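Single-letter residue listing:
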Amino acid sequence: AQSVAQPEDQVNVAEGNPLTVKCTYSVSGNPYLFWYVQYPNRGLQFLLKYITGDNLVKGSYGFEAEFNKSQTSFHLKKPSALVSDSALYFCAVRDDTGGFKTIFGAGTRLFVKA
Amino acid sequence: EAGVTQFPSHSVIEKGQTVTLRCDPISGHDNLYWYRRVMGKEIKFLLHFVKESKQDESGMPNNRFLAERTGGTYSTLKVQPAELEDSGVYFCASSRTQGYNSPLHFGNGTRLTVT
C-alpha cells in the first residue's frame, strides 16, 4: 500500500537561512513524487515533481527537492527562506501499481521568521 | 484559464441534514478527484472520475456519500445524512491527462462543519 510520512508538524526557520521539509514514502512500484503548497484559505498549488532522472529536482519559487531511493525520501529544500514562504506544505506520491490516485502526507507547517 | 471552482466555500449543517458540494474543474480536464482533509490529518482520497465514469471510488467512506459527474463536466458530492465525523475540508482537483506524472489542480475547498 502507498503511504507518505511527514515527520514534522512544524518547521521554524529564520529568513535567509536554508530550509528543509522532510518526507518519506512507501510504494509498491515506481514512485512519482510531488510537493504542493497551501496558503491560507486557498487550495493546494503544485510546486515540483520527481519522475525519473536527476535526483535533484527544481521547482517553483526557488524550491528544490532531493530524491533518495535507498532512504525512500523526497525532502523539500530551499537555500534561502523568505517570510512569504510561510505556508503548509504537502508531500504526495503515486506509483504505477496503485491506480492514478495521489496519496498525501499530513502536511508540515513552515514558519519563516523575519 | 479559469481554475477549479468549488461551491460553497463554507457550509454549517446539523447532524442528519443533507449537504451537496459542487466542483467545476478546469475546462478540458477529463480527470476529476475528490479529497477530504480532517483537521490536522492527511488529505485523503475519496474518488476519481474520468469524464462521467467513476474510475476509482475506493476512498468513499460509506454509502452516505454519493458523487456524480453527469455529462463529464461539473461534479457534485452529496452527504446524506451527515454525521459529526464528516466535518472537514473537501477538496476537488482536476487534471487534463491521467498520467502518473500529471500534477493536480486544486480548488480552494469547501469547509464542512456538522454540528
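Reference entry: report on the structure contained in this document. (Residues numbered from 1 in each chain as written. Chains lettered and ligands numbered in written order. Predicted model: local features only at pLDDT ≥ 70, side-chain atom pairs only at ≥ 80, totals over all residues. Heavy atoms only, no water.)

1. Comments concerning the overall build of chain B
Counting its regular elements, chain B contains zero helices and 11 strands. Along chain B, helices (α) and strands (β) appear in the sequence β-β-β-β-β-β-β-β-β-β-β when read from the amino end. Whereas a compact globule of 115 residues would reach a radius of gyration of roughly 13 Å, chain B reaches 13 Å, a difference of no more than 12%. The dimensions of chain B, computed from C-alpha atoms along their principal axes, are 40 × 25 × 25 Å. When each of the 115 residues of chain B is scored for burial, the buried share is 47%. Contacts in chain B between residues far apart in sequence, at least 24 positions, make up 53% of those at least 6 positions apart. Just so you have it, chain B exposes about 5,600 Å², and 48% of that area is on carbon and sulfur atoms. Within chain B, one finds 13 positive and 12 negative side-chain charges whose respective centroids are separated by 3 Å. (Helix = DSSP H or I, 4+ residues; strand = E, 2+ residues; numbered from the N terminus. Rg over C-alpha atoms; globule rule 2.2 N^0.38 Å. Buried < 20%, exposed > 50% of the residue type's maximum accessible area, 1.4 Å probe, protein only. Contact = heavy atoms within 4.5 Å. Areas by Shrake-Rupley, 256 points an atom, 1.4 Å probe, with all protein chains shown as cover. Lys, Arg positive; Asp, Glu negative; His and termini not counted. Charge placed at Lys NZ, Arg CZ, Asp CG, Glu CD.)

2. Concerning the sheet that holds strand 3 (residues 19-24) of chain B
Residues and elements named next belong to chain B. Judged by pairing direction, the sheet is antiparallel, and its four strands sit side by side in the order 1-3-8-7 without closing on themselves. Each end of this open sheet is capped by a strand with a single partner; those strands are strand 1 (5-7) and strand 7 (65-68). Going from strand to strand, the sheet's axes swing by 15° on average, the running direction of each strand aside. Taken together, the four bridges between strand 7 and strand 8 (residues 75-79) define a ladder with antiparallel strand orientation. In the sheet register, Phe65 faces strand 8, and the bridge partner there is Val79. (Pairing = 2+ DSSP bridges. Axes fitted to C-alpha atoms, helices over the stretch in contact; angles between N-to-C directions.)

3. Quick word on the packing of aromatic side chains
All names here are of chain B. By the definition in use, this model includes 17 aromatic pairs over all chains. Between Tyr35 and Phe45, the aromatic rings sit 5.8 Å apart at their centres with planes inclined by 75°, giving edge-to-face as the arrangement. With a gap of 10 residues between them, Tyr35 in strand 4 (residues 31-37) and Phe45 in strand 5 (residues 43-50) connect regions that are remote in the sequence. Classification of Tyr35 by relative accessible area gives buried; the value is 0%. (Phe/Tyr/Trp six-rings, centres within 6.5 Å; stacked < 30°, edge-to-face > 60°.)

4. Structural notes on the nonpolar core
With 27 residues, the main nonpolar core has Trp35(A), Leu47(A), Leu48(A), Phe74(A), Leu76(A) and Tyr89(A) as its most contacted residues. At the level of secondary structure, the elements contributing two or more residues to this core comprise strand 2 (10-14), strand 3 (19-21), strand 5 (31-38), strand 6 (44-50), strand 8 (64-68), strand 9 (73-78), strand 10 (87-95) and strand 12 (108-113) of chain A. Among the elements that make up this core, the one with the highest residue count is strand 10 of chain A (four residues). The contact partners of Tyr89(A), leaving out residues within four places of it in the chain, are Gln6(A), Trp35(A), Tyr36(A), Val37(A), Leu47(A), Phe63(A), Leu76(A), Gly107(A), Thr108(A) and Leu110(A). If you look at the next biggest cluster of nonpolar residues, it comprises 21 residues, including Cys23(B), Leu46(B), Ala82(B) and Cys92(B). (Core = buried A, V, L, I, M, F, W, Y, C linked by side-chain atoms within 4.5 Å.)

5. Some points on the interface of chain B and chain A
Each partner contributes to the interface: chain B provides 23 residues, whereas chain A provides 23 residues. Together, the buried faces of chain B and chain A total about 2,000 Å²; carbon and sulfur atoms form 58% of this surface. Applying the counting criterion to the chain B and chain A interface returns 10 residue pairs in polar contact (both at pLDDT 80 or more). (Buried area = accessible area lost by both parts, 1.4 Å probe. Polar contact = N/O pair within 3.5 Å; in protein donor to acceptor, adjacent residues only side chain to side chain.)

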